[in-house]
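A closer look at the structure
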Amino acid sequence: MKPIAIFQHTEVGAPGTVPSILDALQLPWRIVRIVDGEPVPASADAFSGLVFMGGSMSVHDPLAWIAREIALIREAASLGVPVCGHCLGSQILATALGGSVRRNARPEIGWNPITVAETPSAQEWLGEAPGTRLPAFQWHGDTFELPPGAERIATSAHCENQAFVMHGRHLAMQSHLEMTPELVELSVARNGSQLDRELHAGNPAVTSREQTLSDLRERTTAMKAILLRLYSRWAEGLSR
């Protein structure tokens with residue numbers, strides 16, 4: 001089986017629990033370290049699937065690798081290669097598939113749950129009834145609009161489009177379900193000043209440092225279970 005390529009854009013945007021989930025599903029993988037200057041692969045045909053992680057940049061930034069990733073996703077879609085995106089990765093995926101990305105009404109930072117949407121695919125992918133609230137870690141200022149033909153599977157109080165699926169094989173997640181306790185701590189250590197500014201401004205979509213750093217083992221374990229469910233369904237589209 002061809003490996004799954006995991007694209008890492010920043011140190012904070014590490015793949016977290018994704019590799020261990022793919023290991024549990026007995027799926028081969030390798031990390032493409034954009035963060036260290038590794039080039040975007042020339043073709044999607046070398047991989048059974050593509051996974052794009054988060055990052056502090058915007059999909060609209062004039063970075064050559066973003067344009068190359070968009071082109072790679074479009075090639076993957078034409079070849080039937082499943083693509084998955086986390087946060088920035090979800091916005092790159094949405095853009096590649098014909099959607100758009102804009103500023104969210106307000107940044108979401110910290111622990112803001114997502115809600116299972118009332119769509120046919122939502123229960124299939126998330127394994128929960130419509131309206132069920134699921135734990136999610138957030139750190140984003142932008143949001144995607146759904147590409148034509150995409151189906152929303154999760155929403156939240158502060159961001160309407162939290163996750164979508166398309167053609168039964170592509171999956172986009174605005175939130176960071178992949179986080180480990182160490183990555184949450186690193187996010188706050190590196191970017192806590194943004195959290196503090198938004199909290200001081202009265203942003204209701206931000207949790208305090210204390211709240212953000214509390215109960216990390218329990219919360220990230222719960223998110224990993226959700227992500228395992230999603231990747232198990234996503235893996236059904238992989239060529240073996």
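Treat the numbers as computed from the prediction; the structure is a model and nothing was measured. (Residues numbered from 1 in each chain as written. Predicted model: local features only at pLDDT ≥ 70, side-chain atom pairs only at ≥ 80, totals over all residues. Heavy atoms only, no water.)

What about the sheet that holds strand β11 (residues 170–173)?
Applicable threshold: The pairing criterion for strands is at least two bridges between them, as found by DSSP. Numbered from the N terminus, helices here are DSSP runs of H or I no shorter than four residues, and strands are runs of E no shorter than two. Contacts between residues were defined by any pair of non-hydrogen atoms, one from each residue, lying within 4.5 Å. To obtain an axis, a line is fitted to C-alpha atoms, over the contacting stretch when the element is a helix, and the angle between two such axes runs from 0 to 180 degrees between their N-to-C directions.
With mixed pairing, nine strands are arranged side by side in an open sheet as β2-β1-β3-β4-β11-β10-β9-β6-β7. Each edge of the open sheet carries a strand with a single partner, namely β2 (29–33) and β7 (133–134). With four bridges joining them, strand β1 (residues 4–8) and strand β3 (residues 49–52) adopt parallel strand pairing. Counted as the bridge partner of Ala5 is Leu50 from β3. On top of the sheet, helix α2 (residues 64–79) reaches β1, β3, β4 (83–86) and β11; it is set at about 145° to β3, its chief contact. On top of the sheet, helix α3 (residues 88–96) reaches β3, β4, β10 (163–166) and β11; it is set at about 135° to β4, its chief contact.

Some details on the nonpolar core
Our working definition: In this description, a nonpolar core means a group of buried Ala, Val, Leu, Ile, Met, Phe, Trp, Tyr and Cys residues linked to one another through side-chain atoms lying within 4.5 Å. Using a 1.4 Å probe on the protein chains alone, a residue whose accessible area is under 20% of its type maximum counts as buried, one over 50% counts as exposed, and one in between counts as partly exposed.
Counting residues in hydrophobic clusters, the biggest one holds 44 residues, and the most contacted among them are Ile153, Leu171, Leu230, Tyr231 and Trp234. Grouped together as the second largest cluster of nonpolar side chains are 31 residues, Phe47, Ile66, Ile70 and Val83 included.

Remarks on helix α5 (residues 181–200)
An α-helical turn contains 3.6 residues, so any two residues separated by three or four positions project in the same direction. Condition: The length a helix should cover is 1.5 Å for every residue beyond the first. Here the bend at each residue means the angle between axes fitted to two seven-residue stretches, the one ending at that residue and the one beginning there.
Compared with an ideal rise of 1.5 Å per residue, which puts 20 residues at 28 Å, α5 spans 25 Å between its outermost C-alpha atoms and falls more than 12% short. Along α5, the helix axis deviates most sharply at Asn191, where the bend reaches about 75°. Those residues of α5 lying buried are Pro181, Leu183, Val184, Ser187, Val188, Gly192 and Leu195. On the buried face of α5, the contacting elements are β5 (100–111), β8 (137–145), α6 (209–212) and α7 (216–234). Downstream of α5 by a residue or two, Gly202 has a phi angle that is positive, lying close to 85°.

A word on the packing of aromatic side chains
Note the cut-off: Side-chain rings of Phe, Tyr and Trp (the six-membered ring for Trp) are treated as a pair once their centres are within 6.5 Å; stacked means planes under 30 degrees apart, edge-to-face means over 60, and tilted covers the remaining angles.
Applying the stated criterion to the full structure yields five aromatic pairs. A ring pair is formed by Trp111 and Phe137, whose centres lie 5.2 Å apart and whose planes are at 70°; its orientation type is edge-to-face. With Trp111 in strand β5 and Phe137 in strand β8, the pair connects residues that are 26 residues apart, well separated along the chain. Exposure remark for Phe137: the relative accessible area of 0% places this residue in the buried category. Aromatic side chains Tyr231 and Trp234 sit 5.4 Å apart centroid to centroid with 85° between the ring planes, which places their arrangement in the edge-to-face category. Here Trp234 and Tyr231 lie together in helix α7, a separation of three residues that amounts to about one turn. Feature note: the residues Trp111, Phe137 and Trp139 constitute an aromatic cluster, connected by ring pairs.

Quick look at α3
Within α3, nine of the nine residues are buried, which leaves the element mostly enclosed by the surrounding structure. Taken as a whole, α3 has its buried residues at Leu88, Gly89, Ser90, Gln91, Ile92, Leu93, Ala94, Thr95 and Ala96. Positive phi shows up at Gly98, right after α3, with a value of about 105°.

A word on the side chain of Asn104
Heads up, the rule is: For this analysis, a polar contact is any N or O atom pair within 3.5 Å, provided that within protein one partner can donate a hydrogen and the other can accept it, and provided that sequence-adjacent residues contribute only side-chain to side-chain pairs.
Considering the arrangement of structural elements, one finds Asn104 in strand β5. Within polar-contact distance, the side chain of Asn104 engages the backbone oxygen of His158 at 3.0 Å. Setting aside chain neighbours within four positions, we find Asn104 in contact with His140, Gly141, Asp142, Thr143, His158 and Cys159.

With respect to the pattern of salt bridges
Think of it this way: side chains of opposite charge can pair up when their charged atoms draw near. We apply this condition: For this analysis, a salt bridge means a side-chain nitrogen from Lys or Arg found within 4 Å of a carboxyl oxygen belonging to Asp or Glu.
What the rule picks out here adds up to eleven salt bridges. A salt bridge links Lys2 to Asp45, with the nearest nitrogen and oxygen atoms 3.5 Å apart. Taken together, the residues span a long stretch of sequence, with Lys2 in the segment before β1 and Asp45 in the loop between β2 and β3 at a distance of 43 residues. Arg30 is paired through a salt bridge with Glu38; the nearest N and O atoms lie 3.1 Å apart. Residue Glu38 is classed as partly exposed on the basis of its relative accessible area, which comes to 27%. Salt bridges sharing common partners tie together Glu124, Arg233 and Glu236.

Here we look at the pairing of β8
β8 sits mainly inside the fold: eight of its nine residues count as buried. The sheet contact formed by β5 and β8 spans eight bridges and is antiparallel. Considered in β8, the bridge of Glu108 is made with His140.

What to know about the packing of α2 against α3
The condition that has to hold: Any angle from 65 to 115 degrees is called roughly perpendicular, while one under 35 is roughly parallel, one over 145 is roughly antiparallel, and all others are oblique. For any pair of crossing helices, the crossing counts as left-handed if the nearer helix is rotated counterclockwise from the farther one by less than a right angle, and right-handed if it is rotated clockwise. Think of it as three bins: nonpolar holds Ala, Val, Leu, Ile, Met, Phe, Trp, Tyr, Cys and Pro, charged holds Asp, Glu, Lys and Arg, and polar takes everything else, Gly as well.
The geometry of α2 relative to α3 is characterised by a closest axis approach of 9 Å and an angle of 60° between their N-to-C directions. Here α3 runs oblique to α2, going by the angle between their axes. Handedness of the α2/α3 crossing: right-handed. Between α2, through Trp65, Glu69, Ile70, Ile73 and Arg74, and α3, the contact on the second element is made entirely by Leu88, Ile92, Leu93, Thr95 and Ala96. Within the contact of α2 with α3, the residues separate by chemical class into seven nonpolar, one polar and two charged.

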